[in-house]
Amino acid sequence: MQLMQYEITLPADYDMGIIRHRVATRGSRTDDFPGLGVKAYLMRERGRHGSPVNEYAPFYLWAELSGMNEFLFGPGFNGIRTDFGRPTVASWNGIAFCDGPASASVPMAASRTLECIDPSQSLQDLVSRLVDETAFAANRPGVHCTATGIDPSTWQLVRLTLWTDHVPDGIPGEHYTVLHVSQPRRGDLPQPRPGRQ
C-alpha cells in the first residue's frame, strides 16, 4: 500500500464552489481506477474549522504501485497540471489501514496529522506501535477508515482518518471536508492480522 497526497493552495478570495463543481462533475472518474484502494477528494476553506487557507488536497491509498504510476504519468494528473500547475506530490509507504465501525457510510470529513520521527527511535518498534495505534483509532465511533504511512526520505509519518459526520473535538491536525470518495479496491488494502489490537 502506498499513501499519496498533493496540496493545491488557492487564493484567499478563491471561489471554492469551483472545486465543489470540479469534484461533482469529475470525481466519479476514479470510481473504477485500476490499483486504487481509496481516493478522498479533500478540501479546506479559509476560516472554517480553523483552516488558514483555501486548499484542494486529494488523498490516495493505492493498493498497487502500478495504479499510482498510471495516474501520475497519465491523463488523470495531467488535468491537475493543466488547471493548477504541477504540485509537489507527497507519498508515504503504507504501514496500516483499518476500516472503522462506520465503514459502510459515506464520509463527510477527514483529519490528517504529520509528525517527524525521532531519529533515535527504533523503526521496528515504531511500526509495531503504529499498527496497533491504527487498529485502536479505527474503533472510534464515526470512523469510516484510517491509515498510517511513513516517508523514508524525510522520516515523517502521516495519519489520515475519514469520518462520517464531522471531525470530533480534540482531534489534532488539519481538518478537511470530503467532497467525494472513490474506493474501487478498498478491500485489497492490507488490514492488520486478527489479534493485532
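Up top is the structure these notes are about.
1. Some words on the environment of Leu-72
Take Leu-72: it is sitting in helix H2 (residues 65-72). In this structure Leu-72 comes out as buried when scored by relative accessible area, which is 18%. Along the chain, Leu-72 and Tyr-176 lie 104 residues apart, while their C-alpha atoms are 23 Å from each other. Aside from chain neighbours lying at most four places away, what touches Leu-72 is Met-4, Phe-77 and Val-89.

2. Some words on the side chain of Thr-113
Turning to its location among the elements, Thr-113 is positioned in strand S7 (residues 109-116). Using a relative accessible area of 17% as the deciding quantity, one classes Thr-113 as buried. For Thr-113, the residues in contact, after removing those within four places along its chain, are Leu-157, Val-158, Arg-159, Pro-172 and Gly-173.

3. A look at H2
Taken together, the buried positions of H2 are Gly-67, Met-68, Phe-71 and Leu-72. Each buried residue of H2 lies within a common arc of 130 degrees when the element is viewed along its axis, so the set occupies one face. On its buried side, H2 packs onto strand S1 (2-6), strand S5 (59-62), helix H3 (75-84) and strand S6 (89-99).

4. A short note on the pattern of salt bridges
One pass over the full model with this rule turns up 13 salt bridges. Arg-129 is the partner of Glu-133 in a salt bridge, and the nearest nitrogen-oxygen pair spans 2.6 Å. Separated by 4 residues within a single helix, Glu-133 and Arg-129 lie in helix H4 (residues 123-137), roughly one turn from each other. Given the relative accessible area of 29%, Glu-133 is considered partly exposed. Judged by relative accessible area, Arg-129 falls into the partly exposed class, the value being 33%. With its nearest N and O atoms 2.6 Å apart, the salt bridge here joins Arg-185 to Asp-188. On the basis of relative accessible area, Arg-185 is assigned to the partly exposed category, the value being 25%.

Definitions and cut-offs
- Residues numbered from 1 in each chain as written.
- Predicted model: local features only at pLDDT ≥ 70, side-chain atom pairs only at ≥ 80, totals over all residues.
- Heavy atoms only, no water.
- Helix = DSSP H or I, 4+ residues; strand = E, 2+ residues; numbered from the N terminus.
- Buried < 20%, exposed > 50% of the residue type's maximum accessible area, 1.4 Å probe, protein only.
- Contact = heavy atoms within 4.5 Å.
- Arc of directions from axis to C-beta.
- Salt bridge = Lys/Arg side-chain N within 4 Å of Asp/Glu carboxyl O.

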